[in-house]
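Structural features, examined
What follows is each chain in one-letter form.
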Amino acid sequence: MASSLTVNNIDGGYGSVRVLHDLSITVDFGETVVLLGSNGNGKSTLLKCITGLIKPDRGEIILNVDGEKTDLVGKTPEEVVTAGISMVPEGRRLFPALTVEENLYLGAYRKFARKKISENLDFVYEIFPRLKERRNQLAGSMSGGEQQMVAVARGIMSDPTILLVDEPSVGLAPNLVSHMIGKIRELKEKKNLTVLMAEQNFNQAIKIADRGYIIVHGEIEFTAASADELANNEMIKQYYLGV
Amino acid sequence: MIELFINAVVAGVLLGGFYAAVALGLSIVFGRLDIVNIAHPAFVIIGSYMAFYVNENFGLDPIVTSFLFLPVFFLLGIVMYRFYYVCFERTGQESLSGLAYFFGIMFIIEVLIILVYGVDYRNVQAPYIGHSLWINDWIPLGDFRVSLPYRMLVPFVVAAVVTGGVYLYLSKTYLGRAILAVSQDRVALQLMGANPIKVKQWAFGIAIATAAIAGALLIVIHPVEPSVGRLYIGRVFAIVILGGMGSISGTFFAALMIGIAETLISTFIGPSWAPAAAYGILLVTLAVRPQGLFGRA
Ligand SMILES: Nc1ncnc2c1ncn2[C@@H]1O[C@H](COP(=O)(O)OP(=O)(O)O)[C@@H](O)[C@H]1O
Ligand SMILES: [Mg+2]
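Conventions adopted
All residue numbers refer to position in the chain's written sequence, counted from 1. Chain labels run from A onward and ligand labels from 1 onward, assigned in the order the entries are written. The predicted nature of this model means local features are confined to residues of pLDDT at least 70 and side-chain atom pairs, given and counted, to a pLDDT of 80 or more, with totals for whole chains, interfaces and linings taken over all residues. Computation of side-chain values covers all heavy atoms of the structure but excludes hydrogens and water. DSSP bridges decide pairing: two strands pair if at least two such bridges lie between them. The way it works is that DSSP assigns letters per residue, a run of H or I at least four long becomes a helix, a run of E at least two long becomes a strand, and they are numbered from the N terminus. We call two residues in contact whenever any of their non-hydrogen atoms come within 4.5 Å of each other. Joining two parts hides part of their accessible area as seen by a 1.4 Å probe, and the buried area is that hidden amount summed over both. Here, a salt bridge means any side-chain nitrogen of Lys or Arg that lies within 4 Å of a carboxyl oxygen of Asp or Glu. If even one non-hydrogen atom of a residue comes within 4 Å of a molecule or strand, that residue is called near it. Polar contact is defined as a pair of N or O atoms within 3.5 Å, subject to the rule that within protein one atom must be able to donate a hydrogen and the other to accept it, and that residues adjacent in sequence are counted only when both atoms are side-chain atoms. Note on areas: Shrake-Rupley, 1.4 Å probe, and residue coverage restricted to the protein chains presented here. Atoms are scored as donors when they are N, O or S and lie within 2.8 Å of the metal, with 3.2 Å used for Na, K and Ca; no water is included, so coordination may look incomplete. Throughout this description, buried means an accessible area under 20% of the type-specific maximum (1.4 Å probe, protein chains only), exposed means over 50%, and partly exposed covers the range between.

**Section: the pairing of strand β5 (residues 68-71) of chain A**
All names here are of chain A.
- Of the strand pairs in this sheet, strand β4 (residues 58-65) and β5 are connected by four bridges, and their pairing is antiparallel. Looking at the pairing, V65 lines up with E68 of β5.
- In this antiparallel pair of consecutive strands, β4 and β5, the connection spans two residues, and D66 shows a positive phi of 50°.

**A few points about the interface of chain B and chain A**
- Each side of the interface is counted separately: chain B has 21 residues, and chain A has 25 residues.
- Both sides of the chain B and chain A interface together cover about 2,200 Å² of buried area, and 66% of this is carbon and sulfur.
- In this assembly, chain B and chain A are joined by one salt bridge.
- Two residues, R93 of chain A and D185 of chain B, come together in a salt bridge whose shortest N-O distance is 2.8 Å.

**Observations concerning unusual backbone geometry**
Residue and element names in this part refer to chain A.
- Although it is not a glycine, D66 sits at a positive phi angle of roughly 50°.
- Turning to its location among the elements, D66 is positioned in the loop between β4 and β5.
- In this structure, E167 takes a positive phi of about 45° despite not being glycine.
- Tracing the backbone through its elements, the reader meets E167 in the loop between β7 (162-166) and α8 (174-191).

**Some thoughts on the site of ligand 1**
All names here are of chain A.
- The full set of residues close to ligand 1 is Y14, V19, S38, N39, G40, N41, G42, K43, S44 and T45.
- Residue N39 places a side-chain N or O atom 3.2 Å away from an oxygen atom belonging to ligand 1.
- T45 is positioned with one of its side-chain polar atoms (N or O) 2.4 Å from an oxygen atom of ligand 1.
- For ligand 1, whose accessible area on its own is 550 Å², the fraction buried by protein is 62%.
- For the shell around ligand 1, the leading source of residues is helix α1 (residues 43-51), giving three residues.

**Overview of the coordination of the magnesium ion (ligand 2)**
Residues and elements named next belong to chain A.
- Protein coordination at the magnesium ion (ligand 2) comes from S44 (OG), E90 (OE) and E90 (OE), with a distance range of 2.0 to 2.7 Å. Within this pair, whereas S44 is found in helix α1, its partner E90 is found in the loop between β6 (85-88) and α3 (100-107), the two being separated by 46 residues in sequence.
- The exposure class assigned to S44 is buried, which follows from its relative accessible area of 13%.
- Taking the relative accessible area as the measure of exposure, E90 reaches 38% and is therefore partly exposed.

**Here we look at the environment of W202 of chain B**
Residue and element names in this part refer to chain B.
- Turning to its location among the elements, W202 is positioned in helix α9 (residues 196-221).
- A relative accessible area of 35% means that W202 is categorised as partly exposed.
- Setting aside residues no more than four positions away along its own chain, W202 makes contact with F74, Y169, L175 and I179.
- A distance of 2.8 Å separates the side chain of W202 from the side chain of Y169, its partner in a polar contact.

Here you go:
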């Protein structure tokens, strides 16, 4: 299935606090698009709008699956998952008192994913052999890096066509960050996913990005048509590289 | 002396099985959903009176009756949760108002039963009540006489089977796992494609359905009057906490432990001390192991 996502002119936030202002992005089929921005600029808020956790006040979020378009605004998170969009949330949000495998099983909650559960479980265990070794361990007792693996693997268990990943690098040691970013690329390629990843870690994110956006105070400040454009952007140099 | 001890332990295990049946639903609702349903034992009493009514009028076995009425209790649980959700949980007032809600339900149930049946003790007829299984007939124990009254043995077996069934349901089905997860992170559960409210509602339905069975077991064990459920409130909450808050197997073993402690205390110290067993064990346990005896972490 060829899925793509188009966010058109959304305003959104929390109650009367408006965080996103007239924001538009697109994620085409097969792309890895990164959403770069430092803390508090609205990356997570945008991802929450897409997954239905919060409803934008204005605008549309069009999911295009093989030419069939649906507006996701007003859909519940359950419906969005069922439509094939899976999110690896910020801070991992595992079920700490359940085992690794129980967490993965829960990832496959939606009907469509249940049919492919054994195939997908084998797949994520192949990508993350560590999780297979630790499958009966409580998720809450794992290291940060392992927990992030569980979170990503659980996202794959929903058998998505579009994967949203919110700051997978947070709280990880530098070598683990590049491992994790590499795994996201590997998953994307093996599963033919379309990926939208929010990150503040510019140097890592750019390694797998096809394109990207820079979000500042809830607005798209810069649209980069390629990874090179991202890397050579003056604003990024100022913000992230301290040049 | 040893004979007395062995008989007390055996009786304790059987009694504990029944406690497990009462605690099972609370283990789900209190242990997993964090909802303090103090009305749970009152639903057990409804189960007892329903078994009594059908037994008296149609002569049907009380336990069979309870299984026939499972769907009714399941629906009752769903309605009770929906009301709780709409009135309290949704507005974030669940802690204090929620407690008042369940206290009110308990009170209403008691009053309704008193209005219909009065305050007299009621009991049921079943072919196995009043007979015992003598272990000596099966295993040569020498001078010891060990007996298992069927009115205790049958409830124990039913409780063990139902506990096993609920355990398998929660650990092997998608909805069951969602019930285990829902209070840990409801937003994450939504991101998995489950609706937390529906999951909780379903869990409540199952919990109240188990109360129907526990009620039938109760009236098989001894006669029932409308407020007898109150005797169990403290005890079953203690069992759920000892069992590790929501661990089904933990709840079962904690129930057996309380059952054994109570019968030993009744036999060797005096029956009036028995109800203190649960609290005593709970206090000592919480002092040394706050996660309960059988908690996973
Ligand atoms: N639950 C919330 N309620 C109110 N304001 C929030 C909430 N979550 C985030 N915000 C605010 O929204 C803004 C954007 O936050 P967020 O989307 O989390 O940024 P980012 O993911 O880029 O770090 C911040 O100013 C933050 O304080
Ligand atoms: Mg964020």
